[in-house]
Every structure is written in structure tokens, then in C-alpha cells.
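Chains, contacts and geometry: an overview
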Amino acid sequence: DAQPLEEITQLRATLDEANYRYYVLDDPTLTDADYDRQFQRLQELETEHPELITPDSPTQRVGAAPAEGFPSVAHAIPMLSLDNAFSREDIHAFAERVAERLECTADDVEFTCEPKLDGAAVSLVYEQGVLVSGATRGDGRTGEGITSNLRTLRSVPLKLRDSNVPALLEVRGEVIMRHAGFEALNERAREAGSKVFANPRNAAAGSLRQLDPRITAKRPLEFHAYQAARLEPDLGDTSHSELMARLATLGFRASSELKVIKGPQAVADYCEQLGEKRDGLGFDIDGVVIKVNDLRHQRELGFVARAPRWAVAFKFPAQEEVTT
Ligand SMILES: Cc1c[n+]2nc(N)[nH]c2nc1OC(C)C
């Protein structure tokens, strides 16, 4: 086999693209049979030429070694919680507070609105475009290092897609389990007499904290990005919506429901509309995250002790728990 590296490189590119289209864009190109055939060919070549194996190869997603425990990981920037809003009045009050500090009117403030997914928040760190660390939120300042488990999620890129990758990128987002995957998992658990999960959020968090990545790999988990916490070199004075578009080109799922909206009235309308769509989404959300879009304004507004001044979560009434 004269040029194994050439065929290996081609197979990796094809499989990465197929992964991205299937698990990030929900728009598959390769058939499963085609994918499996090329995946097995790549495994064959890597077995014959182990010196050509790289950690970001699609064959390296699922490690075999169960972890003894998870190391503590200090978040470079704390993963804070959000203040809550429960009514149109609360949204207006938030917008007024922001406008006052920005010395403008509330109707001139540009917000982004996006669904607040009800899953497990995680942080992913990429250096020179390669995934080097993944951690749970933990207490906001320190989380658990679960890199091997997060590598098994097909919606977590092992290497960033774009040609000009940032030197450093920290992406934060939510790992969720869709209702269909949750029901199927609990059905299998009941049949096997093993642990049944109370809700998809617990199922996602529990699946991420499995010591054996081969178990995590079998769980129907998806990563949805919601913030670029660190980016070097940074994109200069940009906005949250532009950063999310950049994350999408780098290979992450970004919310299709993200909207740039001006003024509190239209924000409240978005919240009402999303509330009506809530039951048909196929996964749990517990509200809308409303952010000031302009990153300079976010920096000006900063944080109060435990939550940013520039963001608030609009919460929907708690849904009656599905008794499984
Ligand atoms: C805690 C959190 C949670 N979420 N969820 C979304 N969609 N965006 C978002 N942003 C967050 O925090 C940023 C405002 C930093």
C-alpha cells in the first residue's frame, strides 16, 4: 500500500464532513452503510500503520479506558448562573436597567434571544483547533474533567472545521438528550433492571459522568453551543450573534431559534411565541436566554456577584414531571 497517508487523510476528511452534516446540520450526505465501510477502511489502515494515528481521527472518539475518577478543572472564566425573569414586566425592568447603564433608551438596545436548553452545561477548550479539554459546570468555578466522555459526542468536533482556526477557543453549551432518546434509554433500563432516569436533564448529566466512555458513547447526547467564552485572537468588537455564526462555521450546533431583537416589547413577544412552541420541540427547554448582543456593551455592563448584568433567563412555569 504505497500511499497510506494519502488514503487515510482522504478518509478522515470524508468521515469528518459526514459526521458534521449528520450530527450538526441534521442533513446527512453519506448513507450509514457508506459511512461504516469507510470508517472500517480507516480503522484497517490505522491498524496497519499505528504511527499515523492522530487523536483527532474519527476512529479516536471512543476511548476504552474507564476513568478512576474525574479530575477537578478550574474554569478560566467562571460559569455563572443567570438572574431570572418571569413576566413581561420583568423583561422591561431588565431592559430599562441595561438602557440606564448604557445611557440609551430600552427600545434602542439590541438583544439576542435563544432557547434555554434544559440539560447539562459543559465547557470545551480547543488549542490550535484541536479539542484538549472538556469539563462539567460543577459549582461554576470548578468542574469535573470529562474530556474522554465529551469526545464521544458526534456533535462535539474533535478538531475545528475551518482552515484558519483560532489559537485558543473555549466554547460553552448544553448537553441534552431528546425525548425520543430518553424514552428509549429508560425502556432499555427497565428491561435490564438498571437505573431509570427521572428526566432528560438527569439522564444527560448521568451519561456524561459515566467512568467508562464506551457507555457515554452509547447514550443519545447532543452538544448545543451557546457561548464563545474565550477566543484568541478575538474577533474585535463583535456581537454574540456574530460569534454564534462563527461557532457554526467552526463545526458546532448553534441554535436555529437564535434571533437578534431590538427592544423589550419584541423580546417579550419572542418569549411568548417560543412558549407556545415549547411542547413541540422534542427536547426540554426551561425558558429563553435574553442577552445584550453587542460584546462591548456586555463588557461595560459586567457582572454582579453571581450573574451577568447583561443577561437574564426568562423562565417558563415548571412542567409537571413526566412520571416514567
Ligand atoms: C448560563 C447560560 C445558559 N445559557 N443557555 C443559553 N442558550 N445561553 C446561555 N448563556 C448562559 O450564560 C451566559 C449568559 C454567560
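Values in this document were obtained by computation on a predicted structure and should not be read as measured data.

What follows covers the overall build of the protein chain. When helices and strands are counted, the protein chain shows ten helices and eleven strands. In summary, the protein chain has a C-alpha radius of gyration of 21 Å against a globular reference of 20 Å for 324 residues, a match within 12%. Taking all 324 residues of the protein chain together, the buried fraction comes to 46%. If you take every contact in the protein chain between residues at least 6 apart in sequence, the share linking residues at least 24 apart comes to 76%. Only carbon and sulfur atoms are counted for the fraction: they give 51% of the accessible area of the protein chain, which is about 16000 Å².

Enumeration according to the criterion identifies 26 salt bridges in this entry. A salt bridge links R253 to D26; the shortest N-O distance between them is 2.7 Å. In this pair, R253 is assigned in the loop between α8 (240-249) and β9 (259-262) and D26 in the loop between α1 (4-23) and α2 (32-48), connecting sequence segments 227 residues apart. Measuring nitrogen to oxygen at the nearest pair gives 2.6 Å for the salt bridge that ties R37 to D34. With a gap of three residues between them, R37 and D34 both fall in helix α2, about one helical turn apart. You can call D34 partly exposed: its relative accessible area is 25%.

Attention now moves to the sheet that holds strand β8 (residues 222-232). In space, the four strands of this open sheet follow the order β5-β4-β7-β8, with antiparallel pairing throughout. Since the sheet does not close on itself, it has two edges, and those belong to β5 (130-136) and β8, each with one partner. Strand-to-strand twist of the sheet, defined as the mean angle between neighbouring strand axes without regard to direction, takes the value 25 degrees.

The next subject is the packing of aromatic side chains. Tallied over the full model, the rule gives seven aromatic pairs. Aromatic pair Y126 and F252: ring centres 5.5 Å apart, planes at 85 degrees, arrangement edge-to-face. Pair noted here: Y126 is in strand β4 (residues 120-127) and F252 is in the loop between α8 and β9, with a separation of 126 residues, a long-range link. Among the residues examined, Y126 registers a relative accessible area of 0% and is labelled buried. The class for F252 is buried, based on a relative accessible area of 2%. On the basis of an interplanar angle of 75 degrees and a centroid distance of 5.8 Å, the ring pair of F303 and W310 is categorised as edge-to-face. Given a relative accessible area of 46%, F303 falls into the partly exposed group. W310 sits in the buried class, given a relative accessible area of 9%. Among the aromatic side chains, those forming a connected cluster through ring pairs are Y126, F223 and F252. Of note, R161 hangs over the ring of Y20, and the distance from its end group to the ring centre comes to 3.7 Å.

Let us look at the sheet that holds strand β2 (residues 83-85). Strand pairing in a sheet is mediated by backbone hydrogen bonds. Such pairs are either parallel or antiparallel. The strand order β2-β11-β10-β3-β9 describes an open sheet built from five strands, whose pairing is mixed. In this open sheet, the two strands that pair with only one neighbour each are β2 and β9. On average, each strand axis in the sheet is tilted by 35 degrees relative to the strand beside it, whichever way the strands run.

What follows covers the environment of F70. With respect to the element layout, F70 can be found in the loop between α2 and β1 (72-74). For F70, a relative accessible area of 21% gives the class partly exposed. Along the backbone, F70 and T31 are 39 residues apart, and their C-alpha atoms lie at a distance of 36 Å. Not counting residues within four places of it along the chain, the set of residues in contact with F70 comprises E144, G145, I146, N149, L208, R209, Q210 and L211.

Here we take up the pairing of strand β11 (residues 311-315). Counting buried residues along β11, four of its five residues qualify, which places the element largely inside the surrounding structure. Of the pairings in the sheet, the one linking β2 to β11 comprises three bridges and is parallel in character. Each bridged residue has a counterpart across the sheet, and for D83 the counterpart in β11 is V312. Alignment of strand β10 (residues 285-292) against β11, held across five bridges, turns out to be antiparallel. Bridging from a neighbouring strand, V288 pairs with F314 of β11.

Before going further, it helps to spend a moment on helix α9 (residues 264-277). Taking 1.5 Å as the rise per residue, α9 with 14 residues should run 20 Å; its terminal C-alpha atoms sit 20 Å apart, in good agreement. Here α9 has its buried residues at P264, V267, A268, Y270, C271 and L274. The buried side chains of α9 occupy one side of the element, clustering within an arc of 155 degrees when seen end-on. On its buried face, α9 is in contact with α3 (88-102), β3 (110-117), β9, β10 and β11.

Rules of the game
The residue numbers shown here count from 1 along each chain, following its written sequence. Given that this is a predicted model, residues contribute local features only at a pLDDT of at least 70 and side-chain atom pairs are listed and counted only at 80 or more, while totals for whole chains, interfaces and linings are drawn from all residues. Working from all heavy atoms in the structure, the side-chain values ignore hydrogens and water. Put simply, DSSP H or I for four residues or longer makes a helix, DSSP E for two residues or longer makes a strand, and each gets a number counted from the N terminus. The globule rule is 2.2 Å times the number of residues to the power 0.38, and the radius of gyration it is compared with is taken over C-alpha atoms. Classification of residues uses two cut-offs on accessible area relative to the type maximum, computed with a 1.4 Å probe and protein chains only: under 20% is buried, over 50% is exposed, and between them is partly exposed. Contacts are residue-level and defined by heavy atoms, with any inter-residue pair within 4.5 Å sufficient. Here, Shrake-Rupley sampling with a 1.4 Å probe gives the accessible areas, and only protein chains in the shown set may cover a residue. Any carboxyl oxygen of Asp or Glu within 4 Å of a side-chain nitrogen of Lys or Arg constitutes a salt bridge here. Strands are treated as partners if at least two bridges between them are detected by DSSP. Axis definition: a line fit to C-alpha positions, over the contact stretch in the case of helices; interaxial angles, taken between N-to-C directions, run 0 to 180 degrees. We call Phe, Tyr and Trp rings a pair once their centres come within 6.5 Å, taking the six-membered ring for Trp, and we label the pair stacked below 30 degrees between planes, edge-to-face above 60, and tilted otherwise. Either the NZ atom of lysine or the CZ atom of arginine qualifies as a charge over a ring when it sits within 6 Å of the ring centre and within 35 degrees of the ring normal. Residue count minus one, scaled by 1.5 Å, sets the expected span of a helix. Arc definition: directions from the helix axis to the C-beta atoms.

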